[in-house]
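Each chain is listed here by its residues.
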Amino acid sequence: MAKGRTEMEVGSDGVAVIYVANPPVNALSIDVLFSLKGHYEEALRRNDVKAIVLTGSGRSFSAGLDISAFADIRKPEQLKDHCILIESMTDIFEDAGKPSVAAIDGPALGGGLELSMVCQARISTPNAQLGLTELQFGVIPGFGGTQRLPRLVGLTKALEMMMLSKPINAEEAHELGLVDAVVSPNDLLNDARRWALDICESKRPWVQALYKTDKLESPEVAREILNSARVLSRKQAANLQHPLVCIDAVEEGIVSGPRAGLRKQVPGITDLGLTPRKVSKVAIVGCGLMGSVIATALILSHYPVILKEVNEKSLNAGIDRIKENLLSRVRKGKMTKEKYEKTLSLLTGVLDYEKFKTVDLAIEAVVENVKLKQQIFAELEQHCPSHCILATNTSTIDLNLIGEKTNSQERIVGTHFFAPAHIMPLLEIVRTPRASLQAVVTLLDVGKKIKKTPIVVGNCTGFAVYRMFFPYTQAALLLVDHGMDVYKIDQACTEFGMSIGPFRMTDLVGFGVALATGMQFLENFPELVYKLMLIPLMVEDKRTGEASQKGFYRYEGKRKASPDPEIMNYVNESRRIAGATPDPELLKLDNSAIAEMVFFPVINEACRVLGEGIAFKASDLDIASIFGMGFPPYRGGIMHWADSIGARRICTMLSEWEMKYDQFFKPCSHLLERAGAGLPLSASATMMMNQAKTKILGGC
Ligand SMILES: C[C@H](O)CC(=O)SCCNC(=O)CCNC(=O)[C@H](O)C(C)(C)COP(=O)(O)OP(=O)(O)OC[C@H]1O[C@@H](n2cnc3c(N)ncnc32)[C@H](O)[C@@H]1OP(=O)(O)O
């Protein structure tokens with residue numbers, strides 16, 4: 001049976017409208033592509049057709065190449081065959097004597113956007129999402145996107161869109177020139193028809209994106225931009241080749257012309273050599289905020305989920321939260337009512353462990369209480385089959401402690417989701433030295449299936465991400481004790497590129513969680529913790545963050561935060577207890593200097609995490625900082641940014657602040673060594689050794 005098709009209607013105005021019809025997202029299956037080619041050729045042949053409008057049926061233009069077909073492609077040559085078919089088709093579109101206009105509603109992603117860029121113009125609704133998202137699947141844009149996108153939006157933006165696999169909205173696309181007009185869904189087809197006829201009548205330009213040059217940078221500037229993209233790509237994922245192939249294809253097009261660039265494309269599928277076990281059913285213990293979002297992500301990716309709570313009330317509250325998560329998709333038109341019912345039917349609520357005997361993965365997501373977690377893991381060991389992976393969603397607690405009461409250390413692994421889990425894409429998979437690699441490999445597979453970006457890290461309190469970012473709030477609180485203004489610090493951090501500052505973030509997370517995390521760190525790393533009083537003082541007065549409507553900010557209505565002059569009472573008391581003298585020099589700092597005082601301690605801790613082997617490479621910390629903590633992506637991640645400043649300067653500043661304010665700033669040995677050797681912070685121990693050897697030999 002054919003998997004999708006196209007349909008064509010020719011109007012009395014001489015416009016042929018071709019619809020891609022492959023619900024739900026009009027993916028470009030091989031059947032769709034053949035049908036599209038047929039309809040295009042027919043439209044070009046017919047005398048009653050003057051112009052063509054390409055659109056999608058339903059609320060989607062096209063989500064690109066049918067990714068389910070990737071599984072059937074055994075050899076790279078097969079993918080190449082698809083691309084040859086498409087190349088010949090895009091040539092027909094582009095070189096035809098009749099203009100085409102793309103009418104875009106909803107997603108136009110990957111091959112979908114690429115097809116639209118072959119058209120002479122693109123008209124969209126405000127709901128359009130446009131992006132070349134191929135790299136996330138291990139392939140490069142194969143329908144000419146590497147050539148046409150830079151010519152439509154400029155090289156820097158095109159590389160950013162491809163490297164991050166992140167779509168942009170209609171408004172931005174319009175500003176960039178990727179979309180020619182944004183109109184209401186009701187006007188979309190008529191306006192696209194009119195635009196196409198205007199091109200026929202020379203009232204609007206006949207644009208061929210492939211041969212545009214006005215947005216392209218000069219070759220010297222282009223080379224610089226491309227080289228920076230290569231450096232960043234190697235840093236972010238040293239072993240991935242396809243982003244580099246993508247950059248090469250873009251460069252080839254700029255140096256030798258777009259046709260040469262098109263030929264350069266040899267899409268490859270990443271092969272990590274992993275053989276994950278099949279996970280057919282998952283159990284979740286605890287359906288508070290985190291448990292219910294994890295359950296939502298799993299059922300949305302077709303995993304049947306058993307959800308356990310201690311009583312009917314908590315269970316129903318959790319199920320209601322999951323229903324609400326799904327219903328919000330229905331309201332936004334992202335999910336049909338039937339799909340909602342089907343998805344929800346994958347969820348089973350329980351109050352005991354009876355149904356756990358058939359699960360392949362159990363995830364504990366209860367509050368951060370060591371004793372409770374230990375008890376749950378002992379129960380899981382008793383009720384789950386022996387192959388079942390036992391995972392914990394703890395954000396800070398050492399896994400060895402959690403598994404202390406079991407004999408199952410080899411199958412206990414951390415799956416640390418980040419709040420808000422439906423927005424933050426990172427998943428930290430925590431591996432103790434005793435955990436089996438098979439369990440980690442299987443979890444990596446589950447993580448990708450539920451559309452997260454998983455990184456594997458070592459085990460310790462806070463793991464890699466929270467450890468690295470714990471000093472973010474700590475530094476901010478220390479600066480307040482030394483005279484700085486709470487809101488000025490938040491402003492400096494948002495100006496630096498964070499979506500919210502440390503105080504707004506603490507309000508969002510809640511002071512209870514912040515204090516519990518602080519206690520864990522204090523117990524395990526007492527020498528690294530700045531002993532703050534400000535938050536406990538506020539908690540005493542029942543100010544506990546956004547949930548209580550009062551934290552560092554005052555909240556009215558939904559998420560509306562305003563500064564609260566009352567907090568100065570707590571600040572003054574905290575300064576008195578800390579015995580800290582306000583430093584007038586701090587008040588003279590501009591926002592970028594304030595951001596350095598907040599982020600240099602984060603770099604210091606990231607170095608410590610790397611030095612201890614909790615993170616395996618600096619680029620993992622770059623990814624973790626962007627996807628887990630919202631570090632601004634354009635700065636390339638925390639370690640990349642640090643190396644752009646230089647280890648020496650960071651080290652000097654931290655030492656100065658250590659002397660002046662607190663030992664909290666003391667530079668760690670990883671940082672001191674790299675600063676001393678003049679090496680980047682990402683330099684491995686081997687690089688350090690090699691440099692030392694060279695120095696000794698040089699000295700001889
Ligand atoms: C050679 C070319 O250059 C290569 C390519 O084109 S590679 C493909 C690039 N395309 C993409 O990256 C798009 C991936 N898809 C998405 O981002 C999102 O699905 C979307 C934004 C289109 C829609 O999101 P949302 O509304 O939340 O719906 P979502 O549940 O994700 O998808 C609906 C269904 O469409 C399927 N789907 C989405 N994109 C698909 C694709 N490209 N191919 C096949 N199926 C696809 C999903 O698997 C899902 O199936 P299900 O109902 O059986 O679970």
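Computed from a predicted model, the values in this text were never measured in an experiment.

1. Considerations on the overall build of the chain
1) Next: Assigned secondary structure in the chain consists of 29 helices and 19 strands.
2) Next: Taken over 700 residues, the chain has a buried fraction of 55%.
3) Next: For the chain, the proportion of contacts with a sequence separation of at least 24, taken over those separated by at least 6, is 71%.
4) Next: When the accessible surface of the chain is summed, it comes to about 30700 Å², and 55% of that surface belongs to carbon and sulfur atoms.

2. Let's talk about the sheet that holds strand 8 (residues 168-169)
1) Next: In space, the 3 strands of this open sheet follow the order 5-7-8, with mixed pairing throughout. One side of each edge strand has no neighbouring strand; the edge strands of this open sheet are strand 5 (107-109) and strand 8.
2) Next: Judged from the 3 bridges that link them, strand 5 and strand 7 (residues 129-131) form a sheet pairing that is parallel. Within the sheet, the bridge partner assigned to Ala108 lies in strand 7 and is Leu130.
3) Next: Docked against the sheet, helix 3 (residues 111-118) engages strand 5 and strand 7, running at close to 90° with respect to strand 5.

3. Quick notes on the packing of helix 17 (residues 465-481) against helix 20 (residues 511-524)
1) Next: Interhelical geometry of helix 17 versus helix 20 gives an angle of 105° and a closest axis separation of 12 Å. In terms of their interaxial angle, helix 17 and helix 20 are classed as roughly perpendicular. Facing Tyr466, Arg467 and Phe470 of helix 17, the residues of helix 20 in contact are Thr517, Gly518 and Phe521.

4. Quick look at the packing of aromatic side chains
The relative placement of two aromatic rings is captured by the distance of their centres and the angle of their planes.
1) Next: Scanning all chains against the criterion turns up 20 aromatic pairs.
2) Next: The interplanar angle of 80° and the centroid separation of 4.9 Å between the aromatic rings of Tyr353 and Phe356 together place this pair among those described as edge-to-face.
3) Next: Given a relative accessible area of 9%, Tyr353 falls into the buried group.
4) Next: On the basis of an interplanar angle of 35° and a centroid distance of 5.3 Å, the ring pair of Tyr472 and Phe599 is categorised as tilted.

5. Here we look at the site of the ligand
1) Next: Neighbouring the ligand are 26 residues; Ala63, Gly111, Glu114, Thr133 and Glu134 lie closest to it.
2) Next: A distance of 2.8 Å separates an oxygen atom of the ligand from a polar atom in the backbone of Gly111.
3) Next: Within the side chain of Arg329, an N or O atom sits 2.9 Å from an oxygen atom of the ligand.
4) Next: Contact with the protein chains removes 77% of the 990 Å² of surface that the ligand exposes when unbound.
5) Next: Going through the elements one at a time, strand 5 and helix 3 are the ones with two or more residues in the shell around the ligand.

6. Quick notes on the pairing of strand 16 (residues 426-431)
1) Next: The element strand 16 is largely enclosed, with a buried count of 5 among its 6 residues.
2) Next: Where strand 15 (residues 412-417) meets strand 16, 4 bridges bridge the pair, whose relative direction is antiparallel. Counted as the bridge partner of Thr415 is Ile429 from strand 16.
3) Next: Bridging between strand 16 and strand 17 (residues 453-458) involves 6 bridges; their strand directions are parallel.

7. As for the sheet that holds strand 11 (residues 305-308)
1) Next: On the basis of which strands lie adjacent, the open sheet formed by 8 strands has the order 12-11-10-13-14-15-16-17 and mixed pairing. Among the strands making up the open sheet, the edge pair consists of strand 12 (347-350) and strand 17. Averaged over neighbouring strand pairs, the angle between their axes works out to 25° when direction is ignored.
2) Next: Alignment of strand 14 (residues 389-392) against strand 15, held across 3 bridges, turns out to be parallel. Along strand 15, the bridge assignment pairs Thr392 with Gly414.
3) Next: Most of the contacts of helix 11 (residues 289-300) go to strand 10 (residues 282-285), to which it runs at about 165°, and overall it touches strand 10, strand 11, strand 12, strand 13 (361-364) and strand 15.

8. What about the packing of helix 18 (residues 486-496) against helix 24 (residues 591-611)?
1) Next: One way to put it is that helix 18 packs onto helix 24 with a least axis distance of 8 Å and a crossing angle of 90°. In terms of orientation, helix 18 and helix 24 fall into the roughly perpendicular class. Counting all contacts with helix 18, which are made through Lys488, Ile489, Gln491, Ala492, Cys493, Glu495 and Phe496, the residues of helix 24 involved are Asn591, Ile594, Ala595, Val598 and Phe599.
2) Next: Per-class residue counts for the contact of helix 18 with helix 24 are 8 nonpolar, 2 polar and 2 charged.

9. Details of the side chain of Glu309
1) Next: Within the element layout of this structure, Glu309 appears in the loop between strand 11 and helix 12 (312-331).
2) Next: Despite its burial, Glu309 remains without a salt bridge, the nearest opposite charge being carried by Arg321 at 6.3 Å.
3) Next: Within polar-contact distance, the side chain of Glu309 engages the backbone nitrogen of Cys287 at 2.9 Å.
4) Next: Excluding residues within four positions of it along the chain, Glu309 makes contact with Gly286, Cys287, Gly288, Ser314, Leu315, Val350 and Leu351.

10. Here we look at a nonpolar patch on the surface
1) Next: Taken together, the side chains of Leu508, Val509 and Val513 define a hydrophobic patch exposed on the protein surface, amounting to about 230 Å² of accessible area.
2) Next: The residue Val513 is located in helix 20 in this model.
3) Next: The class for Val513 is partly exposed, based on a relative accessible area of 44%.

11. Brief notes about unusual backbone geometry
1) Next: Between Pro23 and the following residue, Pro24, the backbone shows a cis peptide bond with an omega angle of 5°.
2) Next: Structurally, Pro24 can be placed in the loop between strand 2 (15-21) and helix 1 (30-45).
3) Next: Its identity as a non-glycine residue notwithstanding, Asn26 has a phi of 55°, on the positive side.
4) Next: Taking relative accessible area as the criterion, Asn26 reaches 0% and is therefore assigned buried.
5) Next: Positioned with a positive phi, Gln549 is a non-glycine residue whose angle comes to about 70°.
6) Next: Summarising the element assignment, Gln549 is placed in the loop between helix 21 (534-540) and strand 18 (553-556).
7) Next: Judged by relative accessible area, Gln549 falls into the partly exposed class, the value being 41%.

12. Re helix 1
Structurally, the α-helix is built with 3.6 residues per turn, so residues lying three or four positions apart point the same way.
1) Next: Compared with an ideal rise of 1.5 Å per residue, which puts 16 residues at 22 Å, helix 1 spans 23 Å between its outermost C-alpha atoms and is within 8% of the ideal.
2) Next: Residues of helix 1 that are buried include every one of Val32, Leu33, Ser35, Leu36, His39, Tyr40 and Ala43, and no others. Axial view of helix 1: buried residues confined to an arc of 165°, hence all on one face. Of the exposed residues in helix 1, the ones pointing more than 90 degrees away from its buried face are Phe34 and Arg45.

13. Focus on the pattern of salt bridges
1) Next: Counted under the stated rule, the structure contains 36 salt bridges.
2) Next: For Arg5, the salt bridge goes to Glu7, with nearest N and O atoms at 2.4 Å.
3) Next: Relative accessible area serves as the criterion here: at 45%, Arg5 is assigned to the partly exposed category.
4) Next: Among the ionic pairs, Glu673 bridges to Arg674, the shortest N-O distance being 3.4 Å.

14. Things to note about the nonpolar core
1) Next: Core analysis: the largest hydrophobic core is formed by 81 residues, its most contacted members being Ile489, Phe552, Phe599, Leu621 and Ile638.
2) Next: If one sorts the elements of this core by residue count, helix 24 sits on top with 12 residues.
3) Next: Setting aside chain neighbours within four positions, we find Phe552 in contact with Leu477, Val486, Tyr487, Phe503, Thr506, Asp507, Phe511, Leu534, Ile535, Met538, Asp564 and Ile567.
4) Next: By size, the runner-up hydrophobic cluster in this structure holds 53 residues, among which are Ala43, Phe93, Leu226 and Ala229.

Basis of the calculations
Residues numbered from 1 in each chain as written. Predicted model: local features only at pLDDT ≥ 70, side-chain atom pairs only at ≥ 80, totals over all residues. Heavy atoms only, no water. Helix = DSSP H or I, 4+ residues; strand = E, 2+ residues; numbered from the N terminus. Buried < 20%, exposed > 50% of the residue type's maximum accessible area, 1.4 Å probe, protein only. Contact = heavy atoms within 4.5 Å. Areas by Shrake-Rupley, 256 points an atom, 1.4 Å probe, with all protein chains shown as cover. Pairing = 2+ DSSP bridges. Axes fitted to C-alpha atoms, helices over the stretch in contact; angles between N-to-C directions. Parallel < 35°, antiparallel > 145°, perpendicular 65-115°, else oblique. Phe/Tyr/Trp six-rings, centres within 6.5 Å; stacked < 30°, edge-to-face > 60°. Near = heavy atom within 4 Å. Polar contact = N/O pair within 3.5 Å; in protein donor to acceptor, adjacent residues only side chain to side chain. Nonpolar A, V, L, I, M, F, W, Y, C, P; charged D, E, K, R; others polar. Lys, Arg positive; Asp, Glu negative; His and termini not counted. Salt bridge = Lys/Arg side-chain N within 4 Å of Asp/Glu carboxyl O. Patch = residues over 30% accessible without salt bridge, like charges linked within 9 Å, V, L, I, M, F, W, Y side chains within 5 Å. Expected span 1.5 Å × (residues − 1). Arc of directions from axis to C-beta. Core = buried A, V, L, I, M, F, W, Y, C linked by side-chain atoms within 4.5 Å.

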